[in-house]
Amino acid sequence: MNKSAILLQVWVACLALPAGAQAPLMDGKVKTANTIVLEAETQCSPEGTYALWSTAEGVQRFFAPAARIDARPGGEYTVLFLPDKDPEGLSHGTTGARVLKAVPGKSLAFEWITFAGDGNLGRNAPPLAPRDLRDAVPLPTWAELEFVPLAG
């Protein structure tokens, strides 16, 4: 892996869509007052960083013990935080999340679920969310990552 510095830009946004709305991938998804923007420098190439976020093996290296990722637009983006207790990610995973945009080495966007589906993890667990919020289609929250090489 080429160890060049990159600037990783991450946007996590939340959009309220009408119940049952079917927006094609990125259509209707815009930054709002609820958008979080994070920039970070890493000692990794854009291609290497993209591989960490866009593959199950990559996600397992830094983020969660298991994942199922098909890094094509419309493909699955399931991250499993408790695969032994919740192997489908229905309560503590991103079941239902899709890849929204994928440009290898440049950018990746995917839907996200930020809540747990049960209260079994104690005080360090993510906030509890009812099934209808976790099962919304399309999911109202997503992340956009850009991988920008830095000079030098």
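Definitions and cut-offs
- Residues numbered from 1 in each chain as written.
- Predicted model: local features only at pLDDT ≥ 70, side-chain atom pairs only at ≥ 80, totals over all residues.
- Heavy atoms only, no water.
- Helix = DSSP H or I, 4+ residues; strand = E, 2+ residues; numbered from the N terminus.
- Buried < 20%, exposed > 50% of the residue type's maximum accessible area, 1.4 Å probe, protein only.
- Contact = heavy atoms within 4.5 Å.
- Polar contact = N/O pair within 3.5 Å; in protein donor to acceptor, adjacent residues only side chain to side chain.
- Core = buried A, V, L, I, M, F, W, Y, C linked by side-chain atoms within 4.5 Å.
- Patch = residues over 30% accessible without salt bridge, like charges linked within 9 Å, V, L, I, M, F, W, Y side chains within 5 Å.
- Areas by Shrake-Rupley, 256 points an atom, 1.4 Å probe, with all protein chains shown as cover.
- Salt bridge = Lys/Arg side-chain N within 4 Å of Asp/Glu carboxyl O.
- Phe/Tyr/Trp six-rings, centres within 6.5 Å; stacked < 30°, edge-to-face > 60°.

Another aspect to go through is the overall build of the protein chain. Looking only at helices and strands, the protein chain has three helices and seven strands in total. Element order for the protein chain, N to C, with α for helix and β for strand: β-β-α-α-β-β-β-β-α-β. In the protein chain, which comprises 152 residues, the proportion classed as buried is 41%. For the protein chain, contacts bridging at least 24 residues in sequence account for 60% of all contacts bridging at least 6.

For the rest of this paragraph, the subject is the environment of Glu-76. Within the element layout of this structure, Glu-76 appears in the loop between strand S3 (66–69) and strand S4 (77–80). C-alpha of Glu-76 to C-alpha of Val-99: the two residues are 23 residues apart in sequence and 6.2 Å apart in space. Setting aside chain neighbours within four positions, we find Glu-76 in contact with Arg-68, Ile-69, Asp-70, Ala-97 and Val-99. Engagement of the side chain of Glu-76 in a polar contact is seen with the side chain of Arg-68, the distance being 3.1 Å.

What follows covers the nonpolar core. Grouped together as the largest cluster of nonpolar side chains are 20 residues, with contacts concentrated most on Trp-53, Val-59, Tyr-77, Leu-108 and Phe-110. Secondary structure elements with two or more residues in this core: helix H1 (46–54), helix H2 (56–62), S3, S4, strand S5 (99–103), strand S6 (107–112) and strand S7 (141–149). In this structure Phe-110 touches Trp-53, Tyr-77, Arg-98, Val-99, Leu-100, Trp-142, Ala-143 and Leu-145, once residues within four positions along its chain are discounted.

A few words on a nonpolar patch on the surface. A cluster of nonpolar residues, Phe-62, Phe-63 and Phe-81, forms a patch on the protein surface that exposes about 250 Å² of accessible area. Relative to the helices and strands, Phe-63 resides in the loop between H2 and S3.

Under the defined criterion, the tally for this structure stands at ten aromatic pairs. Ring-pair connections join several aromatic residues into one group, and the members of that group are Trp-53, Phe-62, Phe-63, Tyr-77, Phe-81, Phe-110 and Trp-112.

Bringing the pattern of salt bridges into the picture now. Tallied over the full model, the rule gives four salt bridges. Of the charged contacts in the structure, one is a salt bridge between Arg-68 and Glu-76, with a shortest N-O distance of 3.1 Å. The partly exposed category is assigned to Arg-68, whose relative accessible area is 29%. Glu-76 gets classed as partly exposed once you look at its relative accessible area, which sits at 33%.

For the rest of this paragraph, the subject is the side chain of Ser-54. Mapped onto the elements of the fold, Ser-54 is located in helix H1. Polar side-chain contacts of Ser-54 include one of 2.7 Å to the backbone oxygen of Tyr-50. In this structure, Ser-54 is in contact with Ile-69, Ala-71 and Leu-108, ignoring residues within four places of it in sequence.

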